[in-house]
Amino acid sequence: MASAQDPFYIVKDEIQESIEKIQDTLHQWKQTPENTGEHVHLTKEIIASCESIQWQVVELEKAISVAERDPAYYGLNEVEIGKRRNWTSTARNQVVSIRRCVEAGKQKSAFGHSVNPSELVRSKQHIAQDNDDFIASESDQQMLLIKRQDEELDELSASVQRIGGVGLTIHDELVGQERLLGELSLDMETTTNRLDFVQACVISLSIPIQKEYFLRFTIKGWPWS
């Protein structure tokens, strides 16, 4: 379960607050007479805010896509990922709806209250073109996101290969050290056996000499007596 300090919810709250502010501005815009300086100012403010919020939503969706590849790593699950997707989709639709409302009002103000059919057709075509441009932009962003994900996967694969190579090198070094230790142990064992043999020979040679001296001293007496 995501905590209250989850970066997603921090950004989500900021975006939601921005949406509520722009909705208040939209209400004020609707109450302001057309063809006035205040109306033009509010129109520009709303459109700029819409663009800013749309960009934030796109960045948030990128973060969701990253978490979606390994939800458990980020302490999430499929249900939480779905909730986040639904919220960003709703936020996007709200902003698009506000922007369309304002842009339609701009066109109405530009044409005046008497709009002939040809102007209305051109207005609808313009709106349709804007929608097509928006969809194309979103498609390009999705393609760019997929490309970045592929690049990240390639980098991850290269890192795994490098780590594997290091692991093999360490394994070879350990095997070599184990072989050297085995050879050293064999040399030490051989040397020990040789020392034991020499020591046994020294002992076997010294016993007869000790007996001879003992008999000589017993019969003739000690040299200092």
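Quick summary incoming for the structure in this document. (Residues numbered from 1 in each chain as written. Predicted model: local features only at pLDDT ≥ 70, side-chain atom pairs only at ≥ 80, totals over all residues. Heavy atoms only, no water.)

By volume, the second largest pocket amounts to about 180 Å³. What lines the second largest pocket is simply Asp6, Pro7, Phe8, Leu60, Ala63, Ile64, Val66, Ala67, Tyr74, Leu76, Ile81 and Arg84. Within the residue set of the lining of the second largest pocket, elements represented by two or more residues are α1 (7–31), α2 (37–69) and α3 (78–111). Of all the elements, α2 adds the most residues to the lining of the second largest pocket, at 5 residues. The residue makeup of the lining of the second largest pocket, split by class, is 10 nonpolar, no polar and 2 charged. (1 Å grid on protein atoms, 1.4 Å probe; cavity = no way out; pocket = protein on both sides within 12 Å on 5 of 7 lines; lining within 4 Å. Points joined across faces, edges and corners; volume = space filled by probe spheres on them. Helix = DSSP H or I, 4+ residues; strand = E, 2+ residues; numbered from the N terminus. Nonpolar A, V, L, I, M, F, W, Y, C, P; charged D, E, K, R; others polar.)

Once that is clear, we can look at α1. For α1, with 25 residues, the first-to-last C-alpha span of 37 Å sits near the 36 Å given by 1.5 Å per residue. Within α1, the full set of buried residues consists of Phe8, Lys12, Ile15, Ile19, Ile22, Thr25, Leu26 and Trp29. (Expected span 1.5 Å × (residues − 1). Buried < 20%, exposed > 50% of the residue type's maximum accessible area, 1.4 Å probe, protein only.)

Pairing between side chains becomes possible if they bear opposite charge and their charged atoms approach one another. The full count for this structure, using the stated rule, is 8 salt bridges. Here glutamate 59 ties to lysine 62 by a salt bridge, and the two come within 3.1 Å at their closest N and O atoms. Highlighted residues: glutamate 59 and lysine 62, both in helix α2, separated by 3 residues, approximately one helical turn. Residue glutamate 59 is classed as partly exposed on the basis of its relative accessible area of 31%. Notably, a salt bridge pairs glutamate 152 with arginine 69, separated by 2.8 Å at the nearest N-O pair. With glutamate 152 in helix α4 (residues 117–220) and arginine 69 in helix α2, this pair connects stretches of sequence that are 83 residues apart. By relative accessible area, which is 38% here, glutamate 152 ends up partly exposed. Classification of arginine 69 by relative accessible area gives partly exposed; the value is 40%. Counted as one network, the salt bridges with shared partners bring together Glu51, Arg99 and Glu103. (Salt bridge = Lys/Arg side-chain N within 4 Å of Asp/Glu carboxyl O.)

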